[in-house]
Amino acid sequence: MNQLQHSHRQWLEELGVKIKTDLTFFHRTIVPNAATFIHPNNAESTIQRLFNLFINGETNVEHLRSVERLSLLTTTNKLIPANRLYLSAPYEPHLSLDSVLPSTFDLFVSPVYLQQNLLGEWKLFFCKLGVQENITFVKLNEDNRSFFTYNEDQRGIIFGLNSQQVHDYKYRETLTFLEYTEHTYEFARFFWSYVIKTIDIRRLNRSESALWGSRHKRGATEGSEVNSFPQWFVRTRSCIPVSILLANGQCQNVCYLASKVFTGRLKSLIGRYLPIFDCIDNLALLTDEWETFFRFRTELSIDDHLLLLKQIYVQNQKGIEYEDDIRIQNIYDSLSHKLCGIDQNQR
C-alpha cells in the first residue's frame, strides 16, 4: 500500500478505507511495545522504517525519546536498549570510546545500519533515540545497575522514612558510563581525565533532592537534601584509578575508593608508594571544588609516613636513588611537622 500514488491513497481514504502507514505502525505498535518489540529477525528492518520516518520529518525528537528503550544491534550482534548504548567509531561520535571501553561491556551500536552517504542523518537519529556520543551529564535511569543500591542509601539519610516513601529525585543526573569506572583501571583513568577537563564541577557538586511523602506537601515539592548519584558513586565504589609500586618493582594498576586515595598535590612526597590520584598532568586543574567532590585524602597520618618510609626501604635494597633520597628528607620534615602539631602525651 505504501507504493500507491498520492491520488489513489486519497481516493481510497475518501471511500473509508484505512491505510496502515509506517507512522501508524510507529504509534500503535512500536510506542506501547518499545522494550520488547525488537528481535533478531526485525532488528534491521524496523529501525530502517523508523529512520525513514525521521528523515522525512514525520517523527520528531519527542517521538524518538518515547521509544528510547527500543533495542539496537551492537557490534557483538546482541540486542541492547538504545538508551544504554554509545555510537561506535564508524558513526564518528564526538568522543570515540571504542579503544578505552572493554568490549565485554557490549555498549556500541553496530555499523550494520549505516549508509555512508547518510552518516550525519544516522548519527543524529541515534542520538535523538537516546544513544550517547560523549561523556556528559545524562538522565539517571532506574535500569542503571547501581540505582537500586543508591536509592536505598539515600532513603536512609532522611530520618523516619520507610523504603516506599521516596518517589523521585529533583535532578536525577549522572555521567555517561560512570558506573563502568568501577574496577576498570584504563577506562577510569581516561574517564576522570576527560571529565575534569570538560565537566562543570559546580553542577557535579550540587546536592540532590529526594522527593517524598504526600503530593503538594513540602517533602514532595522541595524534597530533602541527599547525595547526587555521582557523589554517592565516588564515595562508595572503587572507581579511582591508581598505580602502586609493588615490592617486586612492578606497578599494580587498580581502582580504589576515593576516600583511600591521596590527592595528586602530594605526588612529589608520595610518588607511587601509596595510592595517589594522578589522572591529569596539570595539577592546577584539580581545583578545591574537585577536591570537594572526590574527598581525597589531603594529608598523611603518622602511620602513613612510617609506611611510606618502609616502602621506600623495600624498593631501595641496593642503594637509595637520588629522587628517593630527596623524598626521604621531605618525609622526615613532614613527619616532624606532624609530630609538633600533636599533644605531647599522644606522641
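Remember, predicted model here, so these are calculated numbers, not experimental data. (Residues numbered from 1 in each chain as written. Predicted model: local features only at pLDDT ≥ 70, side-chain atom pairs only at ≥ 80, totals over all residues. Heavy atoms only, no water.)

Enquirer: So what about the packing of helix H2 (residues 22-30) against helix H3 (residues 43-55)? Which residues, and what values?
Expert: Two elements in contact, H2 and H3, have axes whose closest approach is 10 Å; the angle formed by their N-to-C orientations is 120 degrees. Classified by the angle between their axes, H2 and H3 sit oblique to one another. Handedness of the H2/H3 crossing: left-handed. Of H3, the residues touching H2 (which contributes Asp22, Leu23, Phe25, Phe26 and Ile30) are Thr46, Arg49, Leu50 and Leu53. Considered class by class, the residues forming the contact of H2 with H3 number six nonpolar, one polar and two charged. (Axes fitted to C-alpha atoms, helices over the stretch in contact; angles between N-to-C directions. Helix = DSSP H or I, 4+ residues; strand = E, 2+ residues; numbered from the N terminus. Parallel < 35°, antiparallel > 145°, perpendicular 65-115°, else oblique. Left-handed = near helix turned anticlockwise from the far one by under 90°. Contact = heavy atoms within 4.5 Å. Nonpolar A, V, L, I, M, F, W, Y, C, P; charged D, E, K, R; others polar.)

Enquirer: Describe the pairing of strand S6 (residues 208-212), naming the residues involved and giving the relevant values.
Expert: Of all the five residues making up S6, four are buried; the element is thus mostly covered by neighbouring parts of the structure. Pairing of strand S4 (residues 166-169) with S6 involves three bridges; the strand directions are antiparallel. Bridge pairing in S6 links Tyr169 to Ala210. (Buried < 20%, exposed > 50% of the residue type's maximum accessible area, 1.4 Å probe, protein only. Pairing = 2+ DSSP bridges.)

Enquirer: Outline the packing of aromatic side chains, listing residues and values.
Expert: Applying the stated rule across the entire model yields 32 aromatic pairs. Ring plane angle 80 degrees and centroid distance 5.3 Å describe the contact between Tyr150 and Phe229, whose orientation is recorded as edge-to-face. Taken together, the residues Tyr150 in helix H6 (residues 147-157) and Phe229 in helix H10 (residues 229-236) connect sequence positions 79 residues apart. Neither Tyr150 nor Phe229 differs from the other in exposure class; each is buried. Look at Phe294 and Phe296: their rings are 4.6 Å apart centre to centre, the planes differ by 10 degrees, and that puts the pair in the stacked class. With a relative accessible area of 1%, Phe294 lands in the buried category. (Phe/Tyr/Trp six-rings, centres within 6.5 Å; stacked < 30°, edge-to-face > 60°.)

Enquirer: I'd like a rundown of the nonpolar core, residues and numbers included.
Expert: Leu97, Trp192, Ile240, Phe277, Trp290 and Phe294 are the most contacted members of the largest nonpolar core, which has 51 residues in total. At the level of elements, H6, S4, helix H7 (185-198), helix H8 (201-204), H10, strand S8 (240-245) and helix H12 (288-294) are the ones that each hand at least two residues to this core. Top contributing element to this core by residue count: H7, with eight residues. Contact partners of Trp290, with chain neighbours within four places excluded, come to Val195, Ile196, Ile199, Ile201, Leu204 and Leu285. Of all hydrophobic cores here, the second largest spans 31 residues; its members include Leu64, Ala82, Val109 and Tyr113. (Core = buried A, V, L, I, M, F, W, Y, C linked by side-chain atoms within 4.5 Å.)

Enquirer: Explain helix H5 (residues 119-128) to me, and be specific about the residues and the numbers.
Expert: If you check which residues of H5 are buried, you get Leu119, Trp122, Phe125, Phe126 and Cys127. On its buried face, H5 is in contact with H3, helix H4 (61-65) and strand S1 (71-73). Count one or two residues on from H5 and you reach Gly130, which has phi positive near 110 degrees.

Enquirer: Can you break down H2 residue by residue, with the values?
Expert: Taken together, the buried positions of H2 are occupied by Asp22, Phe25, Phe26, Thr29 and Ile30. Seen along its axis, H2 keeps its buried residues to an arc of 110 degrees; they face one direction. Its buried side turned inward, H2 meets H3 and H4. (Arc of directions from axis to C-beta.)

Enquirer: Please give an account of the environment of Leu129 that cites residues and values.
Expert: You can see Leu129 is positioned in the loop between H5 and strand S3 (137-139). Put simply, Leu129 and Val61 are 68 residues apart on the chain and 7.7 Å apart in space, counted from C-alpha to C-alpha. Apart from the residues within four sequence positions on either side, Leu129 is in contact with Leu64, Arg65, Val67, Glu68, Leu72 and Ala82.

Enquirer: I'd like to hear about the sheet that holds strand S7 (residues 224-226), residue by residue, with values.
Expert: Reading across from one edge, S4-S6-S7 is the order of the three strands in this open sheet, with antiparallel pairing throughout. What marks the edges here is a single partner per strand, and that holds for S4 and S7. Between one strand and the next, the sheet's axes are offset by a mean angle of 40 degrees, whatever the strand orientation. Against the sheet, H6 makes contact with S4, S6 and S7, and its axis sits at roughly 110 degrees relative to S4, the strand it touches most.

Enquirer: Can you lay out the confidence of the model for the protein for me, pointing to particular residues and giving the numbers?
Expert: Overall, the predicted model of the protein reaches an average pLDDT of 89, with 91% of residues at or above 70. Taken together, the stretch residues 1-5 has pLDDT below 50 and engages in 10 contacts with residues farther than four places along the chain or on a different chain. (pLDDT = per-residue confidence, 0-100.)

Enquirer: With reference to specific residues and values, describe the pattern of salt bridges.
Expert: Overall, the coordinates contain 18 salt bridges when judged by the stated rule. For the salt bridge of Glu323 with Arg327, the shortest nitrogen-to-oxygen distance reads 3.4 Å. With Glu323 and Arg327 both in helix H14 (residues 322-340) and four residues apart, the pair spans about one turn of that helix. Where salt bridges share partners, they join Glu142, Asp168 and Arg172 into one cluster. (Salt bridge = Lys/Arg side-chain N within 4 Å of Asp/Glu carboxyl O.)

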